[in-house]
Each structure stands twice: as structure tokens, then as C-alpha cells.
Amino acid sequence: DTRIGLVGSEMCIRDSIGISYSALGDDERAIEEMEKEVKLHPDFLQGRVELGDLYLRVGKPDAAVQHLQHALRLDPKLAKAHFLLGKSLHKLGRDEEALASLQAATESDPAMSEPHYLMVQIYMRQGKSELAQQQLRLFEQKKIVRVAQ
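Note that the structure is predicted; figures quoted are calculated from it, not measured.

(A) Just the overall build of the chain, in detail. Looking only at helices and strands, the chain has eight helices and zero strands in total. Order of helices (α) and strands (β) in the chain, N terminus to C terminus: α-α-α-α-α-α-α-α. Buried residues in the chain amount to 44% of all 149 residues. The long-range fraction of contacts in the chain, counting pairs at least 24 apart against all pairs at least 6 apart in sequence, stands at 47%.

(B) Seen up close, the packing of aromatic side chains. Evaluated as defined, the whole model comprises one aromatic pair. With a centroid separation of 5.1 Å and an interplanar angle of 45°, the aromatic rings of tyrosine 117 and phenylalanine 139 are classed as tilted. Placement of tyrosine 117 in helix H7 (residues 114-125) and of phenylalanine 139 in helix H8 (residues 129-148) is noted, with a sequence separation of 22 residues between them.

(C) Fine view of H7. Here H7 contains twelve residues, and its C-alpha end-to-end distance of 17 Å stays within 8% of the 16 Å for a straight helix at 1.5 Å per residue. At the exit of H7 stands glycine 127, carrying a positive phi of roughly 80°.

(D) Inspection of the pattern of salt bridges at higher detail. The final tally for this structure, using the stated rule, is five salt bridges. One salt bridge connects arginine 57 with aspartate 53, and the closest N-O pair in it is separated by 3.7 Å. Remark: aspartate 53 and arginine 57 occur in helix H3 (residues 45-57); sequence separation between them is four residues, near one turn of the helix. Taking relative accessible area as the criterion, arginine 57 reaches 44% and is therefore assigned partly exposed. By relative accessible area, which is 17% here, aspartate 53 ends up buried. A salt bridge links aspartate 95 to arginine 125, with the nearest nitrogen and oxygen atoms 2.5 Å apart. Residue aspartate 95 is found in helix H6 (residues 95-108), and its partner arginine 125 is found in helix H7; the two are separated by 30 residues along the sequence. The network of salt bridges with common partners includes Asp27, Asp53 and Arg57.

(E) Helix H4 (residues 61-74), seen in detail. Counted at 1.5 Å a residue, the expected span for H4 with its 14 residues is 20 Å, and the 20 Å between its end C-alpha atoms agrees. Along H4, the residues that are buried comprise Pro61, Ala63, Ala64, Val65, His67, Leu68, His70, Ala71 and Leu72. Buried residues along H4 sit against helix H2 (27-40), H3 and helix H5 (79-91).

(F) View of the packing of H5 against H7. For the pair H5 and H7, the least separation of the axes is 10 Å and the interaxial angle reads 20°. Judged on the interaxial angle alone, H7 and H5 are roughly parallel. Considering only the axes of H5 and H7, their crossing is left-handed. Note on element contacts: H7 touches H5 through Glu114, Pro115, Leu118, Gln121, Ile122 and Arg125, opposite Phe83, Gly86, Lys87 and His90.

(G) Expanded view of the side chain of lysine 142. By the secondary structure assignment, lysine 142 is in helix H8. Buried within the structure, lysine 142 lacks any salt-bridge partner; its nearest side chain of opposite charge belongs to aspartate 109, at an N-O separation of 7.4 Å. Reaching out from lysine 142, the side chain makes a polar contact with the backbone oxygen of proline 110 at a distance of 2.7 Å. In this structure lysine 142 touches Thr106, Pro110, Ala111, Met112, Ser113 and His116, once residues within four positions along its chain are discounted.

The rules we used
- Residues numbered from 1 in each chain as written.
- Predicted model: local features only at pLDDT ≥ 70, side-chain atom pairs only at ≥ 80, totals over all residues.
- Heavy atoms only, no water.
- Helix = DSSP H or I, 4+ residues; strand = E, 2+ residues; numbered from the N terminus.
- Buried < 20%, exposed > 50% of the residue type's maximum accessible area, 1.4 Å probe, protein only.
- Contact = heavy atoms within 4.5 Å.
- Phe/Tyr/Trp six-rings, centres within 6.5 Å; stacked < 30°, edge-to-face > 60°.
- Expected span 1.5 Å × (residues − 1).
- Salt bridge = Lys/Arg side-chain N within 4 Å of Asp/Glu carboxyl O.
- Axes fitted to C-alpha atoms, helices over the stretch in contact; angles between N-to-C directions.
- Parallel < 35°, antiparallel > 145°, perpendicular 65-115°, else oblique.
- Left-handed = near helix turned anticlockwise from the far one by under 90°.
- Lys, Arg positive; Asp, Glu negative; His and termini not counted.
- Polar contact = N/O pair within 3.5 Å; in protein donor to acceptor, adjacent residues only side chain to side chain.

Structure representation (C-alpha cells):
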């Protein structure tokens, strides 16, 4: 069906436009384009994750949470969405929820180091230095492995 091909092509073009604006540093325009896309295609997984990342970068973690939770309903194992959700929740001061999302990110992608670094920060702020040290060791181990690859 050519209509499906056109919809898919239009989606890719708008996604590319949004990503291009983001690469140029125009996050507001990127958000505008990506919002158009998810309105037309509410279950566009990549668009939801990109919007979560963009909203986080422009200091709107509430909006990021909304898109990232939607993305995780579509794919509950998506490590990047779990990580960005954890980061957004942390910005909102919801550290226990953030820790759960960050843990889910490490379970979905055991090689991912970034969630451990954010967990270090949260545990330090909570005064849980032993847990912070444990996460720091995991972060360093995973960083070394990634550099060696």
C-alpha cells in the first residue's frame, strides 16, 4: 500500500528534520517537529525517546517523563528510555523512582555505564556512601570495558 509508504516516509522526514534542528542547537524547533510527529503517530517509539531527551535538555523534565513513560509502555526493555526517565525523575527530586528506572536501564543493557554514574550522585545526596561507592566501581568497570572495545 503506497499510503503506508508515504506515511512512513513522511515520518522519517519529520523525524530527520527534528534531529537536524537538534544537531544545529535549535532544540525548541526540534521539539516542535517531533511533537507534530507523535501527534500523527502516537506510538512512534524513537520520536517519544527523542522528545524525552530534548525536553530534558531544555529543562522540562515533566514533559520528558510523559514521553519516556509512553515509550516504555511501547518497549519496556528500552535501556535509553529507562536511563532518560531516571535522569528526568532525578531532576524532579523523585530519587526513589529515578533509582528504579536507572536500575531497569542497567538490567536492559548491562554494558551501559551512565546509569551507575547518576546512581552515585543520588546515593551521595542521600548520604548512602557505601551504595555510592558500589555504583562508582560498576561505573568505572563498565567505562574501562567500553574504552577497551
